[in-house]
Amino acid sequence: MYSVDGGMTKTINIKQMKIDIIAGARPNFIKIAPIISEIKKAIKKGNDISYRLIHTGQHYDSNMSGSFFEQLEISLPDINLNVGSGTQAEQTSAIMIGYEKVLSSSDSNLCLVVGDVTSTMACAIVAKKRNIKVVHVEAGIRSDDMTMPEEINRIVTDSITDYFFTTTLRAGQNLIKQGIPNSKIFFVGNVMIDTLNKFRAKFFKPTIWDELRLEKKQFILLTMHRPANVDEELLLGCFLNEIVNTSKGLPVIFPIHPRTKKIISKLNIDLDQLHIIAPLSYLEFNYLAENAKVVITDSGGITEETTVMGVPCITLRDNTERPETVVLGTNELIGTNPDNIRPAMDKIFSNQWKSGSIPEKWDGKAAKRIVKILLNF
């Protein structure tokens, strides 16, 4: 309703809720898959809702984005901005320009963004400036580390978001401290776990499994990509040496992020147990994660997946925006000093690692809750 001519009111009828769903990087695709699935179910039931999937092209490697559409049963994007690689500023500006052109030709009612990547922040800003409501899935998580680009993305996005969908009660508390009213915050659970639960039975062996004759719980899975860990060549070399030296002869499988690959190519790495491979698809990577002795990572999302799968996880960071994976789950923060790896690995091999539990509402029904709320808007 809005008021015109001295108090007269006019009702604005929106025949159909049109939602832009934004994805640009690997974690985004995992999070949007169950939301799209639930929207399709709502459409089949006759609800007046539609969506268009906009792929920004922030991740453009086929194993980091392309294979996700097929494996996670997502229709191909309606629009691909094809922004490609670049600095933070270059990617942000390219995404904003591209998305603005899309909205100039055809607006939407809602812009739904997920997570904390550059695409999340950039599209939220463009939508908000066009008076389009912004929905943020995975809102309110904080690491309190302003050296992380993702933390800046989270803060900026949440500062202009209209509706906040949170993975934990703690995330909601963070938003309340920021001054967000309770009425705009919805504790729905974790959509990443929706995807994990749905596709867990479909995980399959990557080729490296048979090539190295890997056995369950007899190898270590490693991922590293954060600038604090990989940009300094000496530090990265120390990490890799220490991980291999404490692995008790087990193979260390390292699907390498494009960012890390550029750095590691400058190092003279000669470690027989370290196996550097190309990025893996979602179903292949999680097959390895589920069957690893331990996962060593500096990622956030992986710590959520290992928590639900009950796999020990060592995180090479000083802080985390997902504290529930430490307080309740199987994850432990050991910092960014390579000397901290040995004590953690000793706990792994002496079977002293915690078993962990699954956080509230990480039950595979988060997307269903989200779409139900969207329909009530």
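Residues numbered from 1 in each chain as written. Predicted model: local features only at pLDDT ≥ 70, side-chain atom pairs only at ≥ 80, totals over all residues. Heavy atoms only, no water.

Novice: Would you take a moment to explain the packing of aromatic side chains for this structure?
Specialist: The geometry of two aromatic rings is summed up by the distance between their centres and the angle between their planes. Per the stated rule, a full pass over the model turns up seven aromatic pairs. Joined through ring pairs, the aromatic side chains of Y163, F165, F186 and F377 make up one cluster. Here the basic side chain of K347 rests over the ring of W353, its NZ or CZ set 5.0 Å away from the ring centre. (Phe/Tyr/Trp six-rings, centres within 6.5 Å; stacked < 30°, edge-to-face > 60°. Lys NZ or Arg CZ within 6 Å of the ring centre and 35° of its normal.)

Novice: Can you walk me through the sheet that holds strand β13 (residues 294–297) in this structure?
Specialist: The six strands lie next to each other as β12-β11-β10-β13-β14-β15, forming an open sheet whose pairing is parallel. Here the strands that pair on one side only, and so sit at the sheet edges, are β12 (274–277) and β15 (331–333). For this sheet, the mean inter-axis angle between neighbouring strands, taken without regard to orientation, is 20°. Here three bridges tie strand β14 (residues 313–315) to β15, and the two strands are oriented parallel to one another. Among the inter-strand pairings, I314 is bridged to a residue of β15, identified as E332. Across the sheet, helix α12 (residues 282–291) touches β10 (220–222), β11 (252–255) and β13, and the angle it forms with β10 is around 135°. Where helix α13 (residues 301–309) meets the sheet, it contacts β13, β14 and β15, and its direction lies at approximately 165° from that of β13. (Pairing = 2+ DSSP bridges. Helix = DSSP H or I, 4+ residues; strand = E, 2+ residues; numbered from the N terminus. Axes fitted to C-alpha atoms, helices over the stretch in contact; angles between N-to-C directions. Contact = heavy atoms within 4.5 Å.)

Novice: Explain the nonpolar core to me, please; I cannot follow it from the model alone.
Specialist: Ranked by internal contacts, the top residues of the largest apolar core, which has 60 residues, are I19 and I35. Among all residues touching I19, those that are not within four sequence positions of it are I39, I49, S50, Y51, R52, L110, L112 and L374. I243, F254, I341 and W353 belong to the second-largest nonpolar core, a separate cluster that totals 29 residues. (Core = buried A, V, L, I, M, F, W, Y, C linked by side-chain atoms within 4.5 Å. Buried < 20%, exposed > 50% of the residue type's maximum accessible area, 1.4 Å probe, protein only.)

Novice: Before we go on, may I ask you to explain the sheet that holds strand β9 (residues 185–187) in this structure?
Specialist: Neighbouring strands of a sheet are bound in pairs by backbone hydrogen bonds; such pairs are parallel or else antiparallel. The strand order β5-β4-β3-β6-β7-β8-β9 describes an open sheet built from seven strands, whose pairing is parallel. Whereas interior strands pair on both sides, the edge strands pair on one side only; in this sheet they are β5 (79–80) and β9. The sheet contact formed by strand β8 (residues 163–166) and β9 spans three bridges and is parallel. The residue of β9 that forms the bridge with F164 is I185. Across the face of the sheet, helix α3 (residues 88–105) comes into contact with β3 (17–23), β4 (49–55), β5 and β6 (110–114) while running at roughly 150° to β4.

Interpretation in functional terms is not warranted from these geometric data alone.
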